[in-house]
Amino acid sequence: MRRDIFQAIADPTRRAIIALIALQAMTPNAIAENFNTSRQAISKHLRILTECELVKQEQQGREIYYSLEIEKMKEIDKWLAQYRKIWETRFNQLDNVLSTTKKQKK
């Protein structure tokens, strides 16, 4: 089953996992050490992130390392960009109103 990337990042634990592996590839045990939850729960989160293609697995010897899939993160950024432009416009408009109000008070 292919999952939606936005459902994946909606969970705070999965966002924290993404932040961890953004710095370096990590094993599931190394990731689990950063959380007060079971190793099985972390494995479930990693499975969901893998299904969404936000993280990739790489076998190195007997260990599996998880790392961030940058291209998928760019997909999220592209979606957010449209809202970023709207908010920047609104903040600029608010700046103008506040500047005008401040000048009128002087």
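Residues numbered from 1 in each chain as written. Predicted model: local features only at pLDDT ≥ 70, side-chain atom pairs only at ≥ 80, totals over all residues. Heavy atoms only, no water.

1. Examining helix 5 (residues 70-105)
Okay, so step 1: Spanning 36 residues, helix 5 covers 50 Å between terminal C-alpha atoms, matching the ideal 52 Å at 1.5 Å per step.
Okay, so step 2: Ala81 marks the point of greatest bend in helix 5, at about 30 degrees. (Helix = DSSP H or I, 4+ residues; strand = E, 2+ residues; numbered from the N terminus. Expected span 1.5 Å × (residues − 1). Bend = angle between axes of the 7 residues up to and from the residue.)

2. What to know about the nonpolar core
Okay, so step 1: Counting residues in hydrophobic clusters, the biggest one holds 20 residues, and the most contacted among them are Ile17, Ile31, Ile42, Leu49 and Leu54.
Okay, so step 2: Sorting the residues of this core by element identifies helix 1 (5-9), helix 2 (12-23), helix 3 (28-32), helix 4 (39-51) and strand 2 (63-68) as the ones contributing at least two each.
Okay, so step 3: Counting residues per element, this core draws most heavily on helix 4, at four residues.
Okay, so step 4: Ile42 has contacts with Thr13, Ile17, Pro28, Ile31, Ala32, Phe35 and Thr37, leaving out every residue within four places of it along the chain. (Core = buried A, V, L, I, M, F, W, Y, C linked by side-chain atoms within 4.5 Å. Buried < 20%, exposed > 50% of the residue type's maximum accessible area, 1.4 Å probe, protein only. Contact = heavy atoms within 4.5 Å.)

3. Let's talk about helix 2
Okay, so step 1: Taking 1.5 Å of rise per residue, the 12 residues of helix 2 would be expected to cover 16 Å, and the 18 Å separating its terminal C-alpha atoms lies within 8% of that figure.
Okay, so step 2: Where helix 2 is concerned, the buried positions are Arg14, Ile17, Ile18 and Ile21. For helix 2, the angular spread of buried residues about the axis comes to 100 degrees, placing them on one side. Residues of helix 2 that are exposed and angled more than 90 degrees away from the buried face: Pro12 and Leu23.
Okay, so step 3: For helix 2, the N-terminal cap is Asp11; the gap from its side-chain oxygen to the backbone nitrogen of Thr13 is 2.8 Å. (Arc of directions from axis to C-beta. Polar contact = N/O pair within 3.5 Å; in protein donor to acceptor, adjacent residues only side chain to side chain.)

4. Overview of the pairing of strand 2
Okay, so step 1: As paired elements, strand 1 (residues 55-60) and strand 2 share six bridges and run antiparallel to each other. Paired with Glu58 across the two strands is Tyr65, which belongs to strand 2.
Okay, so step 2: Connecting the antiparallel pair strand 1 and strand 2 is a turn made up of two residues, with Gly61 showing a positive phi of about 65 degrees. (Pairing = 2+ DSSP bridges.)

5. Considering the packing of aromatic side chains
Okay, so step 1: As enumerated under the stated definition, the model contains three aromatic pairs in all.
Okay, so step 2: Aromatic side chains Phe6 and Trp79 sit 4.9 Å apart centroid to centroid with 50 degrees between the ring planes, which places their arrangement in the tilted category. Taken together, the residues Phe6 in helix 1 and Trp79 in helix 5 connect sequence positions 73 residues apart.
Okay, so step 3: Relative to Phe91, the ring of Trp87 lies with its centre 5.9 Å away and its plane at 40 degrees, an arrangement referred to as tilted. With Trp87 and Phe91 both in helix 5, this residue pair falls four residues apart, about one helical turn.
Okay, so step 4: Exposure remark for Trp87: the relative accessible area of 45% places this residue in the partly exposed category.
Okay, so step 5: Taken together through their ring pairs, the aromatic side chains of Phe6, Trp79 and Tyr83 make up a single cluster.
Okay, so step 6: Across the ring face of Trp87, the terminal group of Arg90 is positioned such that the distance to the ring centre comes to 5.3 Å. (Phe/Tyr/Trp six-rings, centres within 6.5 Å; stacked < 30°, edge-to-face > 60°. Lys NZ or Arg CZ within 6 Å of the ring centre and 35° of its normal.)

6. Examining the pattern of salt bridges
Okay, so step 1: Under the counting rule described, the total for this entry stands at five salt bridges.
Okay, so step 2: The partner of Arg47 in a salt bridge is Glu51, with the nearest N and O atoms 3.5 Å apart. Within this pair, Arg47 and its partner Glu51 are both found in helix 4, separated by four residues, close to a single helical turn.
Okay, so step 3: Ionic contacts of the salt-bridge type, sharing partners, join the residues Glu53, Lys72 and Glu75 into one network. (Salt bridge = Lys/Arg side-chain N within 4 Å of Asp/Glu carboxyl O.)

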